[in-house]
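Notes for the structure review
The primary structure of each chain is shown beneath.
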Amino acid sequence: MSINEAWVATEERLVREADSMGELLTRIRPQISARLIDGPGWERLLERAQETPATMAAFPFGFEIPLQDPVPRADFGVTLVGDSRTAALYQNRGRSGEADASTAGLAWLLDETDREDSLLRRVVGRKMLLEFDVDPSPDRGRQAPGVFLYPVEGALAGDGRQMEELGAVHDALAHACGFSPVAAERRQLERVYRMLKSGTLIKAAGAFPARERAIRIAATGFRTAPGVMAFLERVGWPGDPAVAGAAVSSFEERSAFAYLGVHLDIDANGVGPSLGLSLFPDDNEWLKDIRHWTAIIDVIGEQGYGLAEKLKELARWSTGSTTLFGRAGPLMLVRGIHHIKLVLREDRVEQAKGYVFFLMMSVRPKIGTARGGTAGGTAP
């Protein structure tokens, strides 16, 4: 069975499993650590997840967990892939006369990447990520999710030559998020792109319609603290590159990472003060073995970037796989850590975040296996 066939089969099963991601998360609650997400944070997360169909669980989804915050909460992210049942649902919603600006923008992106002759499709393929801010405060209204596009391998390599491709990504994000055209913003993005050296690339670009306007990029392929510092100096990050270098060095000394990602917010005035440094322990992503992450988690604890109890729970809970027995039959649930990110502002590390991914896959029951049970149950 091809991966596309597996997605189709899983979406079909999830339609019968739950009406929304909120309902599905409730059903798999035993698989989600209450020490990391609970109370008002969990309830508010379910409200946000209620806005998305359960079929999204056929693609990677997960949680952004702040490791320095004693409150058990997380933001929520889901993947939207073109030519899927889920994509068709968003496209149909977006074409209706009652669609809000966010849904209409997503439908436009899906339509654009459906076209085989589209430059945007050639650059980013047919996958995007939606990131939902989850505020435990009960008085916060519904906010449009952030939208992130992922250039295919090498499409925005650090040689400064793919300006047309970069422009297509910028313009698509601005249009989908309802931003007015700002030429200076695009020029600043092009300037930062030209500062990338060979061996690095733009791995993601996105924007948050509900936040202050900026284009956020993730530039990856950095291997050393001096390499990160030099890049920050070239692009004119308003913080202290030496602080970022010192933070990276504490991990580099332990050989804790294979490569780094640098996350920058770019607007018409240049690079913003917030900086993200993502740590990846292996050149392969989607790792579900906690041993890859032990050194990174240890250094975060030693440097005081995260609470000891949260780090211990992240290591205990966030990786592995199990079989769930739901209404529509057995489903494989895989979870792992995608990356861990430090967030800096000017002259200090403000926080660390763990990005935990989940993936559900339809499986054929073995002969003699009883059907039924709950999605929270685990195979013996």
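See above for the structure.
**Details of the overall build of the protein chain**
Of regular secondary structure, the protein chain possesses 12 helices and 11 strands. Against the globule reference of 21 Å for 380 residues, the protein chain gives a C-alpha radius of gyration of 21 Å, in line with a compact fold. Taking the principal axes of its C-alpha atoms as reference, the protein chain extends roughly 60 × 50 × 45 Å. Counting all 380 residues of the protein chain, 54% fall into the buried class. Restricting to contacts in the protein chain with at least 6 residues of sequence separation, those with at least 24 account for 70%. Only carbon and sulfur atoms are counted for the fraction: they give 50% of the accessible area of the protein chain, which is about 16,300 Å². Of the side-chain charges in the protein chain, 45 are positive and 50 negative, and the distance between the mean point of each set is 4 Å.

**Description of unusual backbone geometry**
At Asp 83, a position not held by glycine, the phi torsion is positive, near 60°. Position of Asp 83 relative to the elements: it lies in the loop between β2 (75-81) and α4 (85-95). Using a relative accessible area of 63% as the deciding quantity, one classes Asp 83 as exposed. Notably, Ser 255 is not glycine yet its phi reads approximately 50°, a positive angle. Inspection of the secondary structure assignment puts Ser 255 in the loop between α10 (241-252) and β7 (259-267).

**Points about the packing of helix α9 (residues 225-235) against α10**
Close contact between α9 and α10 brings their axes to 8 Å; oriented N to C, the two are set at 160°. Between α9 and α10, the angle falls in the class roughly antiparallel. The two elements α9 and α10 meet at a crossing, and its hand is right-handed. Contact with α9, carried on its side by Ala 225, Pro 226, Met 229, Leu 232 and Glu 233, involves Pro 241, Ala 242, Ala 244, Gly 245, Val 248, Ser 249 and Glu 252 of α10 and no other residues of that element. Residue composition of the contact of α9 with α10, by class: 8 nonpolar, 2 polar and 2 charged.

**Topic: helix α5 (residues 101-114)**
Taking 1.5 Å as the rise per residue, α5 with 14 residues should run 20 Å; its terminal C-alpha atoms sit 20 Å apart, in good agreement. All of the buried residues in α5 are Ser 102, Thr 103, Gly 105, Leu 106, Ala 107, Leu 109, Leu 110, Glu 112 and Thr 113.

**Remarks on the side chain of Gln 162**
Relative to the helices and strands, Gln 162 resides in the loop between β4 (146-149) and α7 (163-176). Gln 162 sits in the buried class, given a relative accessible area of 15%. Within polar-contact distance, the side chain of Gln 162 engages the side chain of Tyr 193 at 2.6 Å. The contacts of Gln 162, once residues within four sequence positions are left out, are Ala 155, Leu 156, Ala 157 and Tyr 193.

**As for the nonpolar core**
Residues Leu 25, Phe 63, Phe 76, Phe 251, Leu 264, Leu 342 and Met 360 are the most contacted members of the largest nonpolar core, which totals 105 residues. If near-sequence neighbours (up to four positions away) are discounted, Leu 25 is found in contact with Ile 32, Trp 42, Leu 45, Leu 46, Ala 49, Phe 61, Phe 63 and Phe 76.

Conventions used here
Residues numbered from 1 in each chain as written. Predicted model: local features only at pLDDT ≥ 70, side-chain atom pairs only at ≥ 80, totals over all residues. Heavy atoms only, no water. Helix = DSSP H or I, 4+ residues; strand = E, 2+ residues; numbered from the N terminus. Rg over C-alpha atoms; globule rule 2.2 N^0.38 Å. Buried < 20%, exposed > 50% of the residue type's maximum accessible area, 1.4 Å probe, protein only. Contact = heavy atoms within 4.5 Å. Areas by Shrake-Rupley, 256 points an atom, 1.4 Å probe, with all protein chains shown as cover. Lys, Arg positive; Asp, Glu negative; His and termini not counted. Charge placed at Lys NZ, Arg CZ, Asp CG, Glu CD. Axes fitted to C-alpha atoms, helices over the stretch in contact; angles between N-to-C directions. Parallel < 35°, antiparallel > 145°, perpendicular 65-115°, else oblique. Left-handed = near helix turned anticlockwise from the far one by under 90°. Nonpolar A, V, L, I, M, F, W, Y, C, P; charged D, E, K, R; others polar. Expected span 1.5 Å × (residues − 1). Polar contact = N/O pair within 3.5 Å; in protein donor to acceptor, adjacent residues only side chain to side chain. Core = buried A, V, L, I, M, F, W, Y, C linked by side-chain atoms within 4.5 Å.

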